[in-house]
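Observations on chain architecture
These are the residues of each chain, in order.
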Amino acid sequence: MKTSTHDALLSFLGGASWAFAIIGTWVTFQSFIFLGLVTAIMFTFLFIFLALFIIAVLQNLSLSRDRYEETLKQTVLLKEIQESLQVPSENSHQA
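Presented here is a report on the structure given in the accompanying data block. (Residues numbered from 1 in each chain as written. Predicted model: local features only at pLDDT ≥ 70, side-chain atom pairs only at ≥ 80, totals over all residues. Heavy atoms only, no water.)

Glancing now at the overall build of the chain. From N to C terminus, the chain includes three helices and zero strands. Helices and strands appear in the chain in the N-to-C order α-α-α. Of all 95 residues assigned to the chain, the portion counted as buried reaches 13%. Considering only contacts in the chain between residues 6 or more positions apart, those separated by 24 or more positions represent 56%. Here the chain displays about 7,900 Å² of accessible surface, and carbon together with sulfur accounts for 69% of that area. (Helix = DSSP H or I, 4+ residues; strand = E, 2+ residues; numbered from the N terminus. Buried < 20%, exposed > 50% of the residue type's maximum accessible area, 1.4 Å probe, protein only. Contact = heavy atoms within 4.5 Å. Areas by Shrake-Rupley, 256 points an atom, 1.4 Å probe, with all protein chains shown as cover.)

Applying the stated rule across the entire model yields two salt bridges. In this structure, the salt-bridge partner of Asp7 is Arg65, at a minimum N-O distance of 3.8 Å. Placement of Asp7 in helix H1 (residues 5-32) and of Arg65 in helix H2 (residues 37-85) is noted, with a sequence separation of 58 residues between them. A salt bridge links Glu69 to Arg65; its shortest N-O distance comes to 3.1 Å. In this pair, Glu69 and Arg65 are both assigned in helix H2, four residues apart and thus about one turn of the helix distant. Its relative accessible area of 24% is what places Arg65 among the partly exposed residues. (Salt bridge = Lys/Arg side-chain N within 4 Å of Asp/Glu carboxyl O.)

Take the side chain of Thr44 next. On the secondary structure map, Thr44 appears in helix H2. What makes Thr44 buried here is its relative accessible area of 8%. In contact with Thr44, other than residues within four places in its own chain, are Thr25, Thr28 and Phe29.

A ring pair, where both rings are aromatic, is described by two values, the distance of the centres and the angle of the planes. By the definition in use, this model includes three aromatic pairs. For the pair Phe32 and Phe43, a centre-to-centre distance of 4.2 Å together with 15° between the ring planes defines the contact as stacked. Of the two residues, Phe32 sits in helix H1 while Phe43 sits in helix H2, which places them 11 residues apart along the sequence. The class of Phe43 is partly exposed, set by a relative accessible area of 30%. (Phe/Tyr/Trp six-rings, centres within 6.5 Å; stacked < 30°, edge-to-face > 60°.)

Nothing here speaks to function; it is all geometry.
In structure tokens:
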């Protein structure tokens, strides 16, 4: 399947975001554990929320791109169907 630069970039950023979320969660927890367990868990959940928000935005961009490409394909097919169904005006007046 042919992929565009835009699709490859979104795919890379999606994977990098997941890696950032997983590694960043551990780093965040370890960074704030000196303040106490509750504080470390609170900051970790905040980090997870932000990381998952970024992942959701990237997934939404990817889905929007797919929807746009599918709409373009459907538009071409509908124009072909419309052209094949058009009857010449001379034949409609002779009946």
